[in-house]
Every structure is written in C-alpha cells, then in structure tokens.
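Structural characterization, general
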Amino acid sequence: MILHIDMDAFFAAVEQRDNPALRHRPVIVAGNSKRSVVSTASYEARKFGIRSAMPVYAAKQRCADLIVVPGNMKKYRSDSKKIMAILSGFSPLVEQVSIDEAFVDLAGCERLFGSPEDMGRAIKKKIEAGLSLTSSIGIAPIKFLAKIASDMNKPDGLTLITPAEAPRVLAELPIQKVPGVGQAAMKQMNILKIRSLGDIKKFSLPLLTQKFGKMGPHLFELSNGIDASMVETGHTRKSISSETTLSKDVSDFETLKGILLDRAQTVGRDLRAKHLVCETVFIKLKFSDFTQVTRSRTLDTAVSSSAAIFKEALALYRKIELKKKIRLAGVGVTSLKDKDRPIQMFLLGEEKKTETQWASVDKAVDSIMEKFGGNIIQKASLKELFDEGGCDGKEDSDQG
Ligand code: TTP
Ligand code: MG
C-alpha cells in the first residue's frame, strides 16, 4: 500500500500555531503588494470562498475581517524537513513531492507498525505531537489513488481505499479530479460525455490519444487501475545492466546472440533477486571504432523472465544495421518496479501467461546458479527458442 500525506493549510497553519491571536480566525498568507495573490488560506478563510492564487484584494472583498500575514519561507522549509524526517522513521521509501506533501511506500513496514491504517494514524499523531500541525492522509494500492484519497476528508483526514474498493473508486472518480485534466481537456470530455474516469473505458486507446494527446494513454491506464509509477526516493535503483567487452571484435550473429543471451540471463537473475520487474529493455553496442549505439523498447507488460528480456534484446539487435565489427555488447533493463506491488491491478492476457510459465524455469536456474555459481547452466534451450535463422540486418516487423 502507498500512503500520501498533505499538510492542512500548511503556511497558514504554521502561522496560526505560532501566533495564538490568529487561531480560529480567517487568515491568508500573502505578500503585501497590489498584485499579491493568496498563497494559502486558513480553513476559516476558505468558508468565504477564499482560495490559493486568488488576488488579495478579491479575498478581502469576500471577508472584511480577513487577516493577511506575510510568509516566512525559512520557517516553512524547516517544518517541512521535520515532517519528512518523521516519515523517514516509518519507511525508507519516502518521496517528497512538494513542501508539504509526500508519498510513503508502506511495503514491508506492517510488522513494525501494524496495518496501513494504524501507520497512518501513528504518523498523524507524531506530526501533531512534534509540530502541532494537522495533516491529511490517503492510503491506497496505487499512488494515484493515495493522492486522491488524501484529499477526500481534508482537513485532519485519514482515508483508506482498499484494493477491493479501488475499482469502484476509480470508476466513479469525477474526471476533473484527475491531475492534468484542465479546462481544454474538459471541453473534449463534455463533448464525449465523459463525466467519470470509468467513462474513459468506453473509448479506444487510439481515439483517446487523438483527442487528448499524451494524456490519452495515461487516462486509459488509470481507468483500468494501472498506475506504473512507484515511490521514487532518489536512492531507488533506476536500471540494471550487464555488458561484455569481447576478446576480439566480432560480427557474426551466432556469437553475438550467445552474448546477448548471457547478459540477458545475468540481468534477469539480478532483477529477480531484487524482487523487481522491468518495463523497458535496452541494448548497447560499441563498435570497433569506439562509436556506440543504444536502443530501447518499452513493453506493454512488466517482465522479469530472462526469456522475455532476451527476446526483446534480440529484436532490438536485429533492428541495428551492422556496418562495423562489434567490440562490446550489453543488455539492460529500466522502468523497474517492485514485483509484489499491485501496480497493474487488472492486467490479463497472453504476455502475463508466458511470464508465469517462464517463472518456474527461471526459479530453477537461479537456484542452481546460486548453489554452484558461474555459468553452470548456459545458453541451452533459450537460444534455440529464439532461433530465427541468422540476422539479415533488416527491420524486424514482428516485435511482439
Ligand atoms: P497545498 O497543499 O496545495 O495547500 P495547503 O496545504 O495550504 O492546503 P490544503 O492542502 O489543506 O488544501 O500547498 C501547500 C503550501 O504551498 C501552501 O500552504 C502554500 C503554498 N502554495 C502557494 O504558495 N501557492 C499556491 O498556489 C499553492 C496551491 C500553494
Ligand atoms: Mg497541503
């Protein structure tokens, strides 16, 4: 489960905490020039319809008793640091996304801190005790929903969306609540009568791409419960790769195929040992004149089998026009995700079946490798499986 935390009326709450005269009063934090806008408003001020980014003069028109307080960024930054430090005490996987907002990956923390809900409560309590500030927390199986959830019961909220509830919440979510859906997109949504995220499912991926550009595929995925993004900590491993410099430059296909297979197996093993799956496979070739090329492909399904990595590496290799001999060849994977994390909640289909079948082969090979080390199992069946009668250097039309 992923937790999203967002402090309540952050700048204003800090000011109210530090000055008792401001408590329970309509307060905005803003500059004092004519053109100043509201950075945030206390919940008391929000009752008058005052919101962030509103011009201060307009805010004053709405509430005669409004108190305008100048901001103190140094103080907010220092409090923000303390909040992030508290979160880091609960999980090593904390991604700060703004001054008052962060994602926390709860995977593996349950034994220490109890259920995700218990953890949410404990975090809120610790922040309140340490900083006298309230926060709102959302907990859900994917990042996207965790952020939606933290906003559902603001201020001082704690909202849990279980995996079982997630499909319904996603389907019913008003489309304008999806980050990135602005006024221009809403015009199209109205024409297509898309009111909720669930309505997106009535349309094909090509049509959504045509109407919404890059956001089309994103909306399509979200409507199907797919959110591939993970909590990024800055320390998170971004890629795994393995390469070989050859003892002499080569150009024959069979030798290179064998090397790609070796590298794919090494990378696959590393990936599985870390309980990760990948969504992108890349290859790197360095030529006799030291120039190099890399090619990558992003897959429809996250994989971890050596077979799938090898298959993609081979397809990428076949697309490169070979004019020079090769001195180094490597295979790598990126877009890494935790294997057990339900990032693709409702994924079905052929690719997944194939991956499941390969999983038992990989498991057996990995354990033998671990026991006996080195290259005790090599090349065997995989290479033959992808034998396509040599490389003609032409584009491979079937990339699967
Ligand atoms: P938000 O989390 O968006 O707002 P908030 O914490 O004030 O209120 P809530 O989350 O309860 O709805 O932003 C965090 C801080 O960032 C906010 O306190 C002030 C600052 N900010 C700006 O300076 N300008 C802006 O337009 C926004 C939205 C926020
Ligand atoms: Mg906030």
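Because the structure is predicted, anything quoted here is derived from the model rather than measured.

It is worth spelling out the overall build of the chain at this point. Counting its regular elements, the chain contains 15 helices and twelve strands. Burial status across the chain gives 47% buried among its 400 residues. Look at the contacts in the chain between residues 6 or more apart in sequence, and 67% of them connect residues 24 or more apart. Accessible surface for the chain amounts to roughly 20,600 Å². Of this, 52% is attributable to carbon and sulfur atoms.

Taken together, Asp6 (OD), Met7 (O) and Asp100 (OD) make up the full set of protein donors to the magnesium ion (ligand 2), lying 1.9 to 2.2 Å away. Each of the six donor atoms around the magnesium ion (ligand 2) contributes to a set of angles spanning 83 to 176°, which defines the coordination as octahedral. On the primary sequence, the residues serving as donors to the magnesium ion (ligand 2) are separated as D-M-x92-D. Separated by 93 residues along the polypeptide, methionine 7 in strand β1 (residues 2-7) and aspartate 100 in the loop between β5 (94-98) and β6 (101-105) bring together distant segments of the chain. For methionine 7, a relative accessible area of 2% translates into the label buried.

Reading across from one edge, β3-β2-β4 is the order of the three strands in this open sheet, with mixed pairing throughout. Two strands lie at the open edges of the sheet, namely β3 (38-41) and β4 (67-69), each paired on one side alone. Shown here is a sheet whose adjacent strand axes are inclined to one another by a mean of 30°, direction ignored. One ladder, built from three bridges, connects strand β2 (residues 27-30) with β4; its direction is parallel.

Attention shifts here to the site of ligand 1. Around ligand 1 sit 13 residues, and of these Ala9, Thr40, Tyr43, Arg46 and Asp100 come closest. Contacts to ligand 1 include alanine 9, whose backbone N or O atom sits 2.8 Å from an oxygen atom. Contact between ligand 1 and tyrosine 43: an oxygen atom at 2.6 Å from a side-chain N or O atom of the residue. For ligand 1, whose unbound accessible area comes to 560 Å², protein coverage reaches 67%. Elements with a minimum of two residues in the shell around ligand 1: β1, α1 (10-18), β3 and α2 (43-46). Grouping the constituent residues of the shell around ligand 1 by class yields five nonpolar, three polar and five charged. When residues of the shell around ligand 1 are assigned to domains, at least three fall in each of domain 1 (2-8 + 74-165) and domain 2 (10-72).

This part covers the packing of helix α12 (residues 253-273) against helix α13 (residues 306-318). Helix-helix packing is characterised by the crossing angle of the two axes and by the distance between the axes. Direction vectors running N to C along α12 and α13 enclose 140°, while the axes themselves pass 8 Å from each other. Between α12 and α13, the angle is such that the two are oblique. Remark: the crossing between α12 and α13 carries right-handed chirality. Counting all contacts with α12, which are made through Phe253, Leu256, Lys257, Leu260, Leu261, Ala264, Gln265, Val267, Gly268, Leu271 and Arg272, the residues of α13 involved are Ser306, Ile309, Phe310, Ala313, Leu314, Tyr317 and Arg318. A per-class count over the contact of α12 with α13 returns twelve nonpolar, three polar and three charged.

With that out of the way, let us pick up the pairing of strand β12 (residues 326-338). Pairing between strand β9 (residues 239-250) and β12: eight bridges, direction antiparallel. Bridging from a neighbouring strand, serine 242 pairs with valine 331 of β12. Note that strand β10 (residues 276-287) and β12 share eleven bridges and pair antiparallel. Paired with threonine 280 across the strands is threonine 334, a residue of β12.

So, on to unusual backbone geometry. Omega for the bond connecting lysine 154 with proline 155 falls within 30 degrees of zero, at -10°, which places this linkage in the cis form. Within the secondary structure, proline 155 sits in the loop between α7 (143-150) and β8 (158-160). Phi at aspartate 156 takes a positive value of approximately 60°, unusual for a residue other than glycine. For aspartate 156, the position within the fold is in the loop between α7 and β8. Overall, the relative accessible area of 41% leaves aspartate 156 in the partly exposed class.

What follows covers the confidence of the model for the chain. Looking at the chain, pLDDT values average 86 and 87% of them are 70 or higher. This model gives residues 342-351 a pLDDT under 50, and the stretch forms 24 contacts once residues within four places in sequence are excluded. The low-confidence segment residues 387-400, where pLDDT is below 50, has 26 contacts with residues more than four positions distant or belonging to other chains.

With that settled, consider the sheet that holds β10. Ordered by their spatial adjacency, four strands build an open sheet running β9-β12-β10-β11, and the pairing between neighbours is antiparallel. Lying at the two open borders of the sheet, with one neighbouring strand each, are β9 and β11 (292-303). Between one strand and the next, the sheet's axes are offset by a mean angle of 15°, whatever the strand orientation. Docked against the sheet, α12 engages β9, β10, β11 and β12, running at close to 155° with respect to β9. Of the strands in this sheet, β10, β11 and β12 touch α13, which is tilted by about 35° from β10.

Conventions used here
- Residues numbered from 1 in each chain as written.
- Chains lettered and ligands numbered in written order.
- Predicted model: local features only at pLDDT ≥ 70, side-chain atom pairs only at ≥ 80, totals over all residues.
- Heavy atoms only, no water.
- Helix = DSSP H or I, 4+ residues; strand = E, 2+ residues; numbered from the N terminus.
- Buried < 20%, exposed > 50% of the residue type's maximum accessible area, 1.4 Å probe, protein only.
- Contact = heavy atoms within 4.5 Å.
- Areas by Shrake-Rupley, 256 points an atom, 1.4 Å probe, with all protein chains shown as cover.
- Donors = N, O, S within 2.8 Å, 3.2 Å for Na, K, Ca; no water.
- Tetrahedral: all angles 85-135°; square planar, octahedral: opposite > 155°, others 65-115°.
- Pairing = 2+ DSSP bridges.
- Axes fitted to C-alpha atoms, helices over the stretch in contact; angles between N-to-C directions.
- Near = heavy atom within 4 Å.
- Polar contact = N/O pair within 3.5 Å; in protein donor to acceptor, adjacent residues only side chain to side chain.
- Nonpolar A, V, L, I, M, F, W, Y, C, P; charged D, E, K, R; others polar.
- Domains from an automatic or database assignment.
- Parallel < 35°, antiparallel > 145°, perpendicular 65-115°, else oblique.
- Left-handed = near helix turned anticlockwise from the far one by under 90°.
- pLDDT = per-residue confidence, 0-100.

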